[in-house]
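Chain residues, written in single-letter form:
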Amino acid sequence: MDKNAAQFLELADRLGTLVRGNLRGVGGQSGLQPVHLQALIYLSSANRYSNTPQALTDYLGLTKGTVSQSLLLLHARGLIERQVDGVDKRMVRLALTEAGRQLLHDSPLLPEWTQAVAHIAPQRSKIALAVLRELLLTLQLSAGKRSFGVCNTCQHNLHEGPRSYRCGLTEEKLSLAETRQICREHLPREKRRR
């Protein structure tokens, strides 16, 4: 492995370890594991195409059994609700309950992270975000994984006019709020040549 790749890997691993440690501390106060908080965080930003147990399984990269057990616990604690899809009765949709939203709102998720990022100059922060997004996307695509990007960065997102959006894949109208959510069907826009 070349030196740059090794340094990126080491930094990503260390950052991940710090984040998981923080989630363990926050979750411990509520009797939750990091995976439970990760599921709640994901569901708080997942759009209507991405709020299923299978999408959550793909996003977290865990087994169906692990995710299923996590969802059972979150449901039993009243943090999520399961709803049968209005069109396809075989499909289950997941949503945070008010208690789930309140838990995320009240929990100091990653305050150290927020403070650390605030110390980075805005221009350097912008460059770092672009590099990390590119690295993540490259790794996801090379592994045949979904990108789970934000809707408004997707090839399928069609901006039809002021505050008017449509998904080119499903042909359904999208609200402005939905265009800011994570989508399982996300396809990154191709980079424009300069």
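As the structure is a computational prediction, the values presented were derived from the model and not from experiment.

Enquirer: Outline the sheet that holds strand β4 (residues 164-167), supporting the account with residue identities and numerical values.
Expert: Think of a sheet as strands paired side by side through backbone hydrogen bonds, with each pair either parallel or antiparallel. In spatial order, the strands read β3-β4-β5; together these three strands make up an open sheet with antiparallel pairing. Of all strands in the sheet, those bounded by a partner on one side alone are β3 (157-161) and β5 (173-174).

Enquirer: Can you lay out the nonpolar core for me, pointing to particular residues and giving the numbers?
Expert: By size, the foremost hydrophobic cluster in this structure holds 22 residues, and its most contacted members are Leu32, Leu37, Leu40, Tyr42, Leu74 and Ile80. Counting residues per element, the ones that place at least two in this core are α1 (3-30), α2 (34-45), α3 (53-60), α4 (64-76), β2 (92-96) and α5 (98-106). Residues contacting leucine 40, with those up to four places away along its chain left out, are Leu32, Leu74, Leu79, Ile80, Leu96, Leu103 and Leu104. One finds Tyr49, Cys151, Tyr165 and Cys167 within the second-largest nonpolar core, a separate group that totals six residues.

Enquirer: Quick rundown of the state of the cysteines? Include the residues and the values.
Expert: This model, assessed by the stated rule, comprises zero disulfides. For the unlinked cysteine cysteine 183, the closest cysteine sulfur is that of cysteine 151, found at 6.1 Å.

Enquirer: Outline the packing of aromatic side chains, supporting the account with residue identities and numerical values.
Expert: In total, this model carries three aromatic pairs according to the counting rule given. Measuring from centroid to centroid gives 6.1 Å for tyrosine 42 and phenylalanine 148, while their planes differ by 75°, and the two rings are edge-to-face. Of this pair, tyrosine 42 sits in helix α2 while phenylalanine 148 sits in the loop between α7 (122-142) and β3, and the two are 106 residues apart along the sequence. As far as burial versus exposure is concerned, tyrosine 42 and phenylalanine 148 are alike and both buried. Measuring from ring centre to ring centre gives 5.1 Å for tyrosine 59 and phenylalanine 148, while their planes differ by 75°; the resulting arrangement is edge-to-face. Of this pair, tyrosine 59 sits in helix α3 while phenylalanine 148 sits in the loop between α7 and β3, placing them 89 residues apart in sequence. An aromatic cluster is defined as three or more aromatic residues linked by ring pairs; in this entry it consists of Tyr42, Tyr59 and Phe148.

Enquirer: Which residues make up the packing of α1 against α2, and what values go with them?
Expert: The interhelical angle for the contact between α1 and α2, taken along N-to-C directions, is 95°, at an axis separation of 8 Å. Classified by the angle their axes make, α1 and α2 are roughly perpendicular. Here Arg20, Leu23, Arg24, Val26 and Gly27 of α1 lie close against α2, whose contacting residues are Pro34, Leu37, Gln38 and Ile41. For the contact of α1 with α2, the per-class residue count stands at five nonpolar, two polar and two charged.

Enquirer: Give a description of a nonpolar patch on the surface that names residues and reports values.
Expert: Taken together, the side chains of Phe8, Ile127, Val131, Leu132, Leu135 and Leu139 make up a nonpolar region of the molecular surface, amounting to roughly 520 Å² of accessible area. A per-element tally of the nonpolar patch places α7 first, with five residues. Turning to its location among the elements, phenylalanine 8 is positioned in helix α1.

Enquirer: Describe unusual backbone geometry, and please don't skip the residues or the numbers.
Expert: Phi angles above zero are rare outside glycine, and phenylalanine 148 is one such case at about 45°. The buried category is assigned to phenylalanine 148, whose relative accessible area is 8%.

Enquirer: Can you lay out the packing of α2 against α4 for me, pointing to particular residues and giving the numbers?
Expert: Each pair of packed helices can be described by the angle between their axes along with the distance between the axes. At a minimum axis distance of 10 Å, the contact between α2 and α4 shows a crossing angle of 75°. As far as their axial angle goes, α4 and α2 are roughly perpendicular. Residues Val35, His36, Ala39 and Leu40 of α2 pack against Ser70, Leu73 and Leu74 of α4.

Enquirer: Pulling in residues and values, what's your account of the environment of threonine 17?
Expert: Tracing the sequence through the fold places threonine 17 in helix α1. Here the alpha-carbon distance between threonine 17 and tyrosine 49, two residues 32 residues apart in the chain, equals 30 Å.

Cut-offs applied
- Residues numbered from 1 in each chain as written.
- Predicted model: local features only at pLDDT ≥ 70, side-chain atom pairs only at ≥ 80, totals over all residues.
- Heavy atoms only, no water.
- Pairing = 2+ DSSP bridges.
- Helix = DSSP H or I, 4+ residues; strand = E, 2+ residues; numbered from the N terminus.
- Core = buried A, V, L, I, M, F, W, Y, C linked by side-chain atoms within 4.5 Å.
- Buried < 20%, exposed > 50% of the residue type's maximum accessible area, 1.4 Å probe, protein only.
- Contact = heavy atoms within 4.5 Å.
- Disulfide = S-S within 2.5 Å.
- Phe/Tyr/Trp six-rings, centres within 6.5 Å; stacked < 30°, edge-to-face > 60°.
- Axes fitted to C-alpha atoms, helices over the stretch in contact; angles between N-to-C directions.
- Parallel < 35°, antiparallel > 145°, perpendicular 65-115°, else oblique.
- Nonpolar A, V, L, I, M, F, W, Y, C, P; charged D, E, K, R; others polar.
- Patch = residues over 30% accessible without salt bridge, like charges linked within 9 Å, V, L, I, M, F, W, Y side chains within 5 Å.
- Areas by Shrake-Rupley, 256 points an atom, 1.4 Å probe, with all protein chains shown as cover.
- Salt bridge = Lys/Arg side-chain N within 4 Å of Asp/Glu carboxyl O.

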